[in-house]
Amino acid sequence: MRTNELMLYKNMEYGEILKDMTFLIENYENEYYNKEDLQGLFYECINEVLELSTSHGFEGNLWHTYLTFLLANDENAYSTSCEVVGAVEGSINDVALHDFKIFKEFFDWDLKKMGAVLETDCISTIENYTNINRDSKVYNKRIRNRICDLAKALDSTEDVSEFKDTLTAFYREFGVGKLGLHKAFRIEHLDDGAQIVPITNIAHVNLDDLVGYEIAKQKLIDNTQAFVDGKRANNCLLHGDAGTGKSTSIKAILNQYYDQGLRMIEVYKHQFQDLNDVIAQIKNRNYKFIIYMDDLSFEEFEIEYKYLKAVIEGGLERKPDNVLIYATSNRRHLVRETFKDKSDRDEELHTNDTVQEKLSLVARFGVTIYFGGPSKKEFQQIVRSLAKKNQIEMSEDELLLEANKWELSHGGLSGRTAQQFIDYLLGKKE
């Protein structure tokens, strides 16, 4: 086995297991090495493969699944070129074909031969593994299934050319690495900079789940569609009353356009100083990224909005074409204004400059979408729609009567209040 000859798939995460297994495959019959030492190394490899499979929810042929995980997770010159756009031209294909030939040798190699010589009895279990806990700590069910299905597909390929085509199609459809396989991300600040971390459990909501607000939703769809199509699009601010579906709309947009290469990174205002670092990590990828800021607003003493202004528009480096900023806020103007800004001339001579400084952040959002609180009639329609969707059996008169009682004591008329009322009814039902 020629792992030392790999050129693209060279420094892979979890690649040490492959190196140790390569050593075993090459030397399991070598009398120079003590059989007990070889057995010990083999069981160490199996342990690491089992731990990896348990944390990621893998099952089936764990050896093949491990190899597939390496291929699906490694971000290199070939895999990142093929994500979203598919097969590419150039000499990189010859290099990739060279590496895939080595990986296919691993897929085709029979572990049972080594198991027999080393007198191990776990090979059949590893090749037909059933995971007692199919829930993954790292991948959600959808991603885990894709890795397991790809392992079966790669195992059934006839030659290295088909192997390459199968993997390239996977890169095009699902992407590569954490940015390709996951929808949403958050930011962690480490000593060496900002790290983009996948969010594995997100709400699977659709825009149709949000009753009403058709004009607002359409504006959001139009802007996002232009963005994923590679056309000019604007940063977007969703503002309005609390509980009206602003955040839900953003999540729904992600679910709607994920398969077209849309990804979302959630950033809080205390992390704005990391924005340039984050953008540097994503600007050359083939995905479209929305940097999402929920419930965005600033008090007078908070100056983080100055970082945001510089990133959106104003710095020397132009914001990449594959990055937009979407924000939600209950405030139209984001930065708190006071009468002091306009009338107190004792502390600042040019008071209009203070006002313009605070308004300039909103001006950097080309699209602003208003989500107003529903009327009584609209609130009742939301309740009826949610009750039907959740199969709540109750007469309409009783349903609306109870909903009216609920909203009077739980925050007033809003979509959030309606959802909380439905959750209350579902809790009683269960």
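Given the structure is predicted, the values throughout are model-derived calculations rather than measurements.

Novice: So what exactly am I meant to see when it comes to empty space enclosed by the protein here?
Specialist: To locate leftover empty space, one rolls a probe as large as a water molecule over the atoms. In the structure shown here, the tally under the stated rule is two cavities of 30 Å³ or more. Taken together, Met21, Ile46, Val49, Leu62, Trp63, Leu111 and Ile126 form the lining of the largest cavity. Residue lining of the second largest cavity: Asn140, Arg142, Ile143, His182, Lys183, Ala184, Ile199 and Ile202, and that is the complete set. Counted by class, the lining of the second largest cavity contains four nonpolar, two polar and two charged residues.

Novice: In this structure, what is going on with the sheet that holds strand S6 (residues 323–329)? I would like to understand it.
Specialist: The strands making up a sheet associate through hydrogen bonds between their backbones, and the pairing can be parallel or antiparallel. Across the sheet, which stays open at both edges, the seven strands sit in the order S2-S1-S4-S5-S6-S3-S7 with mixed pairing between neighbours. Unpaired on one side and paired on the other, strand S2 (193–199) and strand S7 (367–371) mark the two borders of the sheet. Across this sheet, the average inter-strand angle for adjacent strands is 25°, counted without regard to direction. Pairing analysis gives five bridges linking strand S5 (residues 288–293) to S6, with the strands arranged parallel.

Novice: Mind showing me how you'd approach a negative patch on the surface here?
Specialist: On the surface, a cluster of negative charge is contributed by Glu158, Asp159, Glu162 and Asp165. Residue position: glutamate 158 is located in the loop between helix H8 (141–155) and helix H9 (160–174).

Novice: Is there a simple way to explain the environment of alanine 233 in this structure?
Specialist: Tracing the chain through its elements places alanine 233 in the loop between helix H11 (214–228) and strand S3 (236–240). Sequence separation between alanine 233 and valine 323 is 90 residues, and the spatial gap between their C-alpha atoms is 9.9 Å. Ignoring anything within four residues of it in the chain, the contact list for alanine 233 reads Asn223, Ala226, Phe227 and Leu324.

Novice: What should I look at first to understand the nonpolar core in this one?
Specialist: For soluble globular proteins, nonpolar side chains are generally found buried alongside one another. Tyr9, Leu71, Phe103 and Met114 are the most contacted members of the largest nonpolar core, which has 81 residues in total. The greatest single-element share of this core, amounting to eight residues, is contributed by helix H3 (residues 62–73). Leave out the neighbours within four places in its chain, and phenylalanine 103 touches Leu6, Tyr9, Met12, Leu18, Leu67, Leu70, Leu71 and Phe163.

Novice: What am I meant to see in the packing of aromatic side chains here?
Specialist: Across all of its chains, the model carries 19 aromatic pairs by this definition. Measuring from ring centre to ring centre gives 5.1 Å for phenylalanine 23 and tyrosine 33, while their planes differ by 80°; the resulting arrangement is edge-to-face. Placement of the pair is phenylalanine 23 in helix H1 (residues 15–27) and tyrosine 33 in the loop between H1 and helix H2 (35–56), with a sequence separation of ten residues. The exposure class assigned to tyrosine 33 is partly exposed, which follows from its relative accessible area of 32%.

Novice: When you look at the pattern of salt bridges in this model, what are you seeing that I'm missing?
Specialist: Any two side chains of opposite charge can pair if their charged atoms end up close together. In the structure shown here, the tally under the stated rule is 14 salt bridges. The residue arginine 285 makes a salt bridge to glutamate 83 at a minimum N-O spacing of 2.8 Å. Highlighted residues: arginine 285 in the loop between helix H13 (275–282) and S5 and glutamate 83 in the loop between helix H4 (77–82) and helix H5 (92–108), separated in sequence by 202 residues. Classification of glutamate 83 by relative accessible area gives buried; the value is 0%. With its nearest N and O atoms 3.3 Å apart, the salt bridge here joins lysine 217 to glutamate 214. Pair noted here: lysine 217 and glutamate 214 are both in helix H11, with a separation of three residues, about one helical turn. Take lysine 217: its relative accessible area is 5%, and that puts it in the buried class.

Scoring rules and cut-offs
- Residues numbered from 1 in each chain as written.
- Predicted model: local features only at pLDDT ≥ 70, side-chain atom pairs only at ≥ 80, totals over all residues.
- Heavy atoms only, no water.
- 1 Å grid on protein atoms, 1.4 Å probe; cavity = no way out; pocket = protein on both sides within 12 Å on 5 of 7 lines; lining within 4 Å.
- Points joined across faces, edges and corners; volume = space filled by probe spheres on them.
- Nonpolar A, V, L, I, M, F, W, Y, C, P; charged D, E, K, R; others polar.
- Pairing = 2+ DSSP bridges.
- Helix = DSSP H or I, 4+ residues; strand = E, 2+ residues; numbered from the N terminus.
- Axes fitted to C-alpha atoms, helices over the stretch in contact; angles between N-to-C directions.
- Patch = residues over 30% accessible without salt bridge, like charges linked within 9 Å, V, L, I, M, F, W, Y side chains within 5 Å.
- Areas by Shrake-Rupley, 256 points an atom, 1.4 Å probe, with all protein chains shown as cover.
- Salt bridge = Lys/Arg side-chain N within 4 Å of Asp/Glu carboxyl O.
- Lys, Arg positive; Asp, Glu negative; His and termini not counted.
- Charge placed at Lys NZ, Arg CZ, Asp CG, Glu CD.
- Contact = heavy atoms within 4.5 Å.
- Core = buried A, V, L, I, M, F, W, Y, C linked by side-chain atoms within 4.5 Å.
- Buried < 20%, exposed > 50% of the residue type's maximum accessible area, 1.4 Å probe, protein only.
- Phe/Tyr/Trp six-rings, centres within 6.5 Å; stacked < 30°, edge-to-face > 60°.

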